[in-house]
Amino acid sequence: MSEDDDFTFHSMFSDKVSINNNDGFVSPDGLCWVSVLSCLLLACSYVGSLYVWRSELPRDHPAVIKRRFTSVLIVSALSPVFVWAWKQYTGVRPGPSLLALMGIRLEGVLAAATLPLVLTMALFLGPLVQLVLDSPWGLVDGIKLGFDPWFWTLCVSDMRWLRNQVVAPLTEELVFRACMLPMLVPCAGPTTAIFVCPLFFGVAHFHHAIELLRFRQVSVSGIFLSAVFQFSYTAVFGAYTAFIFIRTGHLVGPVLCHSFCNYMGFPAVSAALEHPQRLLIVSCYLLGVVLFLLLFFPATDPFFYGSSPICSLAGGQRAVCS
């Protein structure tokens, strides 16, 4: 796009704007369809990269995981190109750099790596207590195990562990949060973008239901229920990590929270109710929810993380992020 074209594009946008009274930002007319199509193309590229390898082996087979690592890492590495192309086409010229918009920056990084994770662990207080009570090791032995290099060597050598705890959290948060939110916020504003972005994330997880159907692991009705559950759970989780990304302006927090939630899985409430120490566990479940709600906004206060670049895309309205 030439400088004359860029000026014309900006002039066209300045003449036709829509104002969202809730978020207080100005959205250039015609920007939304470009943003949505860019996000849809990025989501399809990510999911499509999982299926470029034809194989009759199940998804958890090490050979399948290694091949998917290759393709999904390539798509993730190229995902910033989508944001750059979006900026070039729309003429949007935010002040922060491309890396800063994607949450890759040093300002406030220590807080971003700890506070959102602590907030998420508070929500999982009940499952964590349940995990400790059911663990074959004591609490002290479990802590020692976490510092044992041999333990981490075994983890890294496990392809499923690498997928669930490292590659999936990093690539999904990079693609579905760090790349999509900078394109959606100028169109929809921070609040709406938090709930729109997870829709791409939820639809992308329908591929798990497709694989169940492919290998006939469950019935058709079971696949339908699995797909609905996958979409609902990932959409809610996606909104949560999108909220963290916008409030903190960092990628590291969503990645660590994603990895932690993958490890914990969905809370086993039924097992907690049947546990010999169910009173303690249920009390921790309730306490965890209360702590999470109390800390939800304080722990994500932009004060701890410096000025959030993603918020500046909404016209510099700090109020939408505070």
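Worth saying up front: this structure is predicted, and the values here are computed from it rather than measured.

Conventions adopted
Residues numbered from 1 in each chain as written. Predicted model: local features only at pLDDT ≥ 70, side-chain atom pairs only at ≥ 80, totals over all residues. Heavy atoms only, no water. Helix = DSSP H or I, 4+ residues; strand = E, 2+ residues; numbered from the N terminus. Buried < 20%, exposed > 50% of the residue type's maximum accessible area, 1.4 Å probe, protein only. Contact = heavy atoms within 4.5 Å. Areas by Shrake-Rupley, 256 points an atom, 1.4 Å probe, with all protein chains shown as cover. UniProt positions renumbered as here; feature names shortened; annotations may be inferred. Disulfide = S-S within 2.5 Å. Core = buried A, V, L, I, M, F, W, Y, C linked by side-chain atoms within 4.5 Å. Axes fitted to C-alpha atoms, helices over the stretch in contact; angles between N-to-C directions. Parallel < 35°, antiparallel > 145°, perpendicular 65-115°, else oblique. Nonpolar A, V, L, I, M, F, W, Y, C, P; charged D, E, K, R; others polar.

S.K.: Explain the overall build of the chain here, please?
M.R.: Per the secondary structure count, the chain includes 16 helices and 2 strands. Considering the chain as a whole, with its 322 residues, one finds that 44% of them fall into the buried category. Of the contacts made within the chain by residues no fewer than 6 positions apart, 77% connect residues no fewer than 24 positions apart. Split by element, the accessible area of the chain, about 16700 Å² in all, is 71% carbon and sulfur.

S.K.: Mind showing me how you'd approach the UniProt feature "transmembrane region" (unreviewed entry) in the chain here?
M.R.: The UniProt entry lists residues 33-53, 109-133, 174-201, 222-246, 252-272 and 279-299 under the feature "transmembrane region" (unreviewed entry), expressed in the numbering used here. Strand forms 0% of residues 33-53 and helix 76%; the C-alpha atoms that close the span are 31 Å apart. This span, residues 279-299, is 81% helix and 0% strand, and a straight line between its end C-alpha atoms measures 28 Å.

S.K.: For this particular structure, what's the right way to read the state of the cysteines?
M.R.: Working definition: the covalent bond between the sulfur atoms of two cysteines is a disulfide. Scanning the model with the defined rule gives 1 disulfide in all. With no disulfide partner, cysteine 197 has as its closest neighbouring cysteine sulfur the one in cysteine 39, 6.5 Å distant. By relative accessible area, cysteine 197 is classed as buried at 0%. Free cysteine: cysteine 257, not disulfide-bonded; nearest cysteine sulfur from cysteine 261 at 6.6 Å. Accessibility expressed as a relative area gives 0% for cysteine 257, which makes it buried.

S.K.: Any chance you could explain the nonpolar core here in plain terms?
M.R.: Grouped burial of nonpolar side chains is what soluble globular proteins tend to show. Ranked by internal contacts, the top residues of the largest apolar core, which has 55 residues, are Phe176, Met180, Leu181, Phe200, Ile246 and Ile310. Listed by contribution, the elements that provide at least two residues to this core are α2 (31-48), α3 (62-90), α9 (159-188), α10 (190-204), α12 (220-248), α13 (252-264) and α16 (309-312). Element by element, the count of residues in this core is highest for α9, at 14 residues.

S.K.: What am I meant to see in the packing of helix α8 (residues 149-156) against α9 here?
M.R.: The angle between the axes and the distance between the axes are what describe a pair of packed helices. At a minimum axis distance of 6 Å, the contact between α8 and α9 shows a crossing angle of 95°. Looking at the two axes, α8 sits roughly perpendicular to α9. Across the interface between the two elements, Trp152, Cys155 and Val156 of α8 pack against Met159, Trp161 and Leu162 of α9. Across the contact of α8 with α9, the residue classes break down as 6 nonpolar, no polar and no charged.

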